[in-house]
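Residues per chain are reported as follows:
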Amino acid sequence: MSNHRARESSGRRRPRNRRAVLLSAAAVLVIGSGAAALAAAGSGDEHPAAAPAATAEGGTGTPIPDGSAEAAASPSTSASASASASVSASASASAPASPSASASASGASPTGKGTAAAPPAAPVAKPGTAPETFTGLAFDTCTAPGLATMNAWRGTSPYGAAAVYIGGRNRGCAQPQLTAGWVKSVSSSGWKLIPLYVGAQPPCQTGSSPEKLTADTAVPLGTTDGNDAVAKAAALGMRPGSTLYLDVEAYNTADTSCADAVLAYVQSWNRAVHGSGYWAGYYGFASSSAAGIAEAAGRNAPDLPDAMWYARYDGAADTTGSFPFASGLWSGHRRGHQYQINQKETYGGATVTVDRNAWDAPVAVVG
């Protein structure tokens, strides 16, 4: 993300299950709604854009994390070249009536292994209508660009959606452009918006964050932050029915107590968001911060995210072949894939450094 992405203290990690479950020959693995996102290697607990690169409008991009195997493998091809990699830039108005995760017919564990999946547990109460979705390319950058840049990029760039940081104590950049008027203007011109909230971060994360959760504060903080995310979205003109994405940065998923605290926080945040009529999305790394959510999905934990935005810097602009978990997780227009970062791009005479995303997931409802 172009904000303050956390980096793991050691290299790339594979997701690890934290609870062993013995299955009989007749047992099945139940899959709920969760997924995982890629951990960038390195140190600290901020996005690579903690020291952002300046752009024509003072916007920022995401410097590639030091030592990140995924980032190093990410090609520096143009956005239009990436756009040809299996996503279309058309908006989709359809989505499943209930975005709680469902297992594929063949069944699989979050790592793609396992037996046939049983039906998921009853989901938490959610908004009554299907979320608005977008399918195509999206960009994110630390500071929302000015209207002139958004207008210059509209129709000249391959992007049809933009992620904006609506709040959270760990939000890393000022947002002088991000007002209700800006949201209304860019939405009226055809842009779809992806609201991102940088809430409390894991207790085992290295470095310092203004807000970190603990095992004792996870649930109350999740409620407080979820309510704050709703308030921030509403103040910007993002109505109920919008999907708000919680940004949880990289951490050591092998630390069971830490992972349990993060899960409790995420579940509490989701409940608060749902309680106000919004959908709950999630952003994280494919081998760490969302791996815990995928593991929880494998044991059918309740109150998991409705949509998954995963970071995996493989240069593949898709949400299917690059998806690192079971195919049944977050299917049906509920996946976003951040596939390249720190790309300086110019369209219509305006230059911004952005992260590139393939998008097939819910967005904000404006108006």
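Everything below is about the structure shown above.
Model, not experiment: these values are computed from the prediction.

Calculation criteria
Residues numbered from 1 in each chain as written. Predicted model: local features only at pLDDT ≥ 70, side-chain atom pairs only at ≥ 80, totals over all residues. Heavy atoms only, no water. Disulfide = S-S within 2.5 Å. Helix = DSSP H or I, 4+ residues; strand = E, 2+ residues; numbered from the N terminus. Buried < 20%, exposed > 50% of the residue type's maximum accessible area, 1.4 Å probe, protein only. Pairing = 2+ DSSP bridges. Right-handed = clockwise from strand over helix to strand, strands pointing away.

### Re the state of the cysteines
Here comes step 1: All told, the structure shown has 2 disulfides when counted by the stated rule.
Here comes step 2: Bridging Cys142 to Cys173, the disulfide has an S-S length of 1.7 Å. What sets the handedness of the Cys142 and Cys173 disulfide is the S-S torsion sign, and at about 100° it is right-handed. In this pair, Cys142 sits in the loop between strand E5 (133–140) and helix H3 (147–153) while Cys173 sits in the loop between strand E6 (159–167) and helix H4 (180–188), placing the two residues 31 residues apart along the sequence.
Here comes step 3: If the cysteines joined by disulfides in the protein chain are listed in sequence order, their pairing comes out as 1-2, 3-4.

### Some remarks on the pairing of strand E8 (residues 243–247)
Here comes step 1: Among the 5 residues in E8, 5 count as buried, and that is most of the element.
Here comes step 2: Alignment of strand E7 (residues 192–197) against E8, held across 2 bridges, turns out to be parallel. Bridge pairing links Tyr197 to Leu246 in E8.
Here comes step 3: After leaving E7, the chain enters helix H5 (residues 218–235) and then returns to the sheet as E8, a path that is right-handed.
Here comes step 4: In the sheet, E8 pairs with strand E9 (residues 279–285) via 5 bridges, with the strands oriented parallel. Across the sheet, residue Thr243 finds its bridge partner in E9, namely Trp279.
Here comes step 5: The handedness of the E8 to E9 crossover, carried by helix H6 (residues 256–275), is right-handed.

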